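Chain and residue survey
Single-letter residue listing:
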Amino acid sequence: MKIITLLMTILAVGSFAAATPASEINRLKSDLIGQCMGGREKCWKFQSLDQIKELSVKNKTEDPQKRVYTIALRLQGTKDSAKYGAEARVEYVKTNLEWKIKQVGLLSLRKVE
């Protein structure tokens, strides 16, 4: 029973990620540059697009003034540095006619092989 539930979850996340247009993924990546997520214990500062090896949208909610993404990331600072898996909550707010990041909340950050 647990395997069936796990497979259904994977399929649901995969189908949502597949439904997210590449342009939206690229916009998220670009918007993250210059942002920080996390605090003293664990944090990540997005300095370039090269650091974001993978980004997928796990969930998205939106109303007229706010847009919230839950994203999964694969990160690497430099070619020779460690790789990390992360999950984050990215909140956008509408200012005039444009969406701007309000905050990037780190949900998890772990070193991966």
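Refer to the structure above for everything that follows.
In short, a report on the structure. Values in this document were obtained by computation on a predicted structure and should not be read as measured data.

Parameters at a glance
- Chains are numbered independently. Their residues run from 1 in the order of the written sequence.
- Only residues with pLDDT of at least 70 are given local features in this predicted model, and only at 80 or more are side-chain atom pairs given and counted; all residues enter the totals for whole chains, interfaces and linings.
- Water and hydrogen atoms play no part in the side-chain values, which are based on all heavy atoms of the structure.
- Think of it in three bands: residues with accessible area under 20% of the maximum for their type are buried, residues over 50% are exposed, and the middle band is partly exposed, with areas taken using a 1.4 Å probe on protein chains only.
- Helix and strand assignments follow DSSP, with helices taken as H or I runs no shorter than four residues and strands as E runs no shorter than two, numbered in order from the N terminus.
- By the convention used here, strands pair only if DSSP detects at least 2 bridges between them.
- The term salt bridge refers to a pairing of a side-chain nitrogen on Lys or Arg with a carboxyl oxygen on Asp or Glu at a separation within 4 Å.
- Here a polar contact is recorded for every N or O atom pair within 3.5 Å, except that within protein the pair must consist of a potential hydrogen donor and a potential acceptor, and residues adjacent in sequence are included only if both atoms are side-chain atoms.
- Contact definition: two residues touch when any of their heavy atoms are within 4.5 Å.

**Comments concerning the pairing of strand E4 (residues 66-76)**
Taking burial as the measure, the eleven residues of E4 include eight buried ones, the bulk of the element. Taken together, the nine bridges between strand E3 (residues 52-62) and E4 define a ladder with antiparallel strand orientation. Within the sheet, the bridge partner assigned to Asn 59 lies in E4 and is Thr 70. Turn length for the E3-E4 hairpin, with the two strands adjacent in sequence and antiparallel, is three residues. Relative to strand E5 (residues 83-95), E4 runs antiparallel, the two sharing eleven bridges. Bridge assignment links Gln 76 to a residue of E5, and that residue is Lys 83. The antiparallel hairpin formed by E4 and E5 contains six residues in its connecting segment.

**Some words on the pattern of salt bridges**
Counted by the stated rule, this structure contains eight salt bridges. Of the charged contacts, one joins Glu 24 and Lys 60 as a salt bridge, the two residues approaching to 2.8 Å between their closest N and O atoms. Pair noted here: Glu 24 is in helix H2 (residues 22-32) and Lys 60 is in strand E3, with a separation of 36 residues, a long-range link. Salt-bridge contacts for Lys 102 lead to Glu 91; the nearest nitrogen and oxygen are separated by 3.9 Å. Taken as a pair, Lys 102 in strand E6 (residues 98-112) and Glu 91 in strand E5 lie far apart in primary sequence, eleven residues in all. What you see here is one network of salt bridges that share partners, running through Glu 24, Lys 60, Glu 62 and Arg 67.

**Here we look at the pairing of E6**
As judged from the 13 bridges shared by E5 and E6, these two strands associate in the antiparallel manner. Directly across from Glu 87, in E6, lies its bridge partner Ser 108. Between E5 and the antiparallel strand that follows it, E6, lie two residues; Asn 96 among them carries a positive phi value of about 55°.

**Brief notes about the side chain of Glu 91**
Residue classification places Glu 91 among the buried positions, given a relative accessible area of 7%. Only 3.2 Å separates the side chain of Glu 91 from the side chain of Arg 89, close enough to count as a polar contact. Beyond its immediate stretch of four places on either side in the chain, Glu 91 contacts Lys 66, Arg 67, Val 68, Lys 100, Ile 101, Lys 102 and Gln 103.

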